[in-house]
Structures are given as C-alpha cells and as structure tokens.
Amino acid sequence: MNIFVASLDYGMTNEDLQDLFEDYGSVSSAKIIFDKFTGRSKGFGFVEMDDNQEADNAIEELNESEVNGRKIVVKKARPKDAAW
DNA sequence: TTTGAGCGT
C-alpha cells in the first residue's frame, strides 16, 4: 500500500515520517520528497506499508493529525502510470 | 532557487 503524505513540516525527515507510521503498523519504506536545489523538503512524501489493513488504519488515524504543529494530510497514493 | 496545494531526487 503506497500512502501519500502532505502538509508536512519542512523540517520533517524520512526517519520522522517512518517513525510516525510505524506507530500504527509495519512500514516498508518512508520517503520525503526533497527539492533538488534547496535540498529541503517539498512538504510531502510517500510511505509504503506491507499490511493493507494497518496502512488503512494509519491513514485514518494520521490523516489531518497534528505533526510538529502542522496539520498533515494522509491519503492513498496514486499510481504514476495509470488511473484508478 | 520561493513556503503551504499537492502525487516522488
């Protein structure tokens, strides 16, 4: 299950993102998208979880939750190649 | 090489 996470704090790191979701289930990988020039976070990222039910639970629990004083957005990620 | 909606260096 690929998960899209947005509205993250610019100081957020991959470890912070993974640690957030690991609290709700097993995280396969977590990645913040960093800008090429600034080297800073773009404010969003992706989390991959092996267990779909844990992923869905994490989405509902972490969506619109407060992280680092910021209200984050957690949704199912869209495939880059095809539509739903 | 930007600061707040969005879908990947």
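Higher on the page you've got the structure.
Residues numbered from 1 in each chain as written. Chains lettered and ligands numbered in written order. Predicted model: local features only at pLDDT ≥ 70, side-chain atom pairs only at ≥ 80, totals over all residues. Heavy atoms only, no water.

Participant: Quick rundown of the nonpolar core? Include the residues and the values.
Facilitator: Core analysis: the largest hydrophobic core is formed by 18 residues, its most contacted members being Ile 3, Val 5, Leu 17, Phe 21, Val 47, Met 49 and Val 74. Listed by contribution, the elements that provide at least two residues to this core are strand E1 (2-6), helix H1 (14-22), strand E2 (27-34), strand E3 (41-49) and helix H2 (52-62). A total of four residues in this core trace back to one element, the largest contributor, which is H2. Beyond its immediate stretch of four places on either side in the chain, Leu 17 contacts Val 5, Leu 8, Met 12, Ala 30, Lys 31, Ile 32, Phe 46 and Val 47. (Core = buried A, V, L, I, M, F, W, Y, C linked by side-chain atoms within 4.5 Å. Buried < 20%, exposed > 50% of the residue type's maximum accessible area, 1.4 Å probe, protein only. Helix = DSSP H or I, 4+ residues; strand = E, 2+ residues; numbered from the N terminus. Contact = heavy atoms within 4.5 Å.)

Participant: Explain the pairing of E1 to me, and be specific about the residues and the numbers.
Facilitator: Sheet topology note: the E1/E3 ladder contains four bridges and is antiparallel. The partner of Asn 2 across the bridge, within E3, is Glu 48. (Pairing = 2+ DSSP bridges.)

Participant: Any chance you could break down the protein's contact with DNA strand B for me, citing the residues and the numbers?
Facilitator: The immediate surroundings of DNA strand B are formed by 19 residues, with Ser 7, Lys 31, Thr 38, Phe 44 and Lys 80 found nearest. Each atom of DNA strand B within 4 Å of the protein was assigned to sugar, phosphate or base; sugar and phosphate come to 20%. Between Ser 7 and DNA strand B, the recorded distance is 2.4 Å, taken from a backbone N or O atom to a base oxygen. Between Leu 8 and DNA strand B, the recorded distance is 2.8 Å, taken from a backbone N or O atom to a base nitrogen. Counting residues per element, the ones that place at least two in the surface near DNA strand B are E1, E2, E3 and strand E6 (73-76). The element contributing the most residues to the surface near DNA strand B is E3, with four residues. (Near = heavy atom within 4 Å. Polar contact = N/O pair within 3.5 Å; in protein donor to acceptor, adjacent residues only side chain to side chain.)

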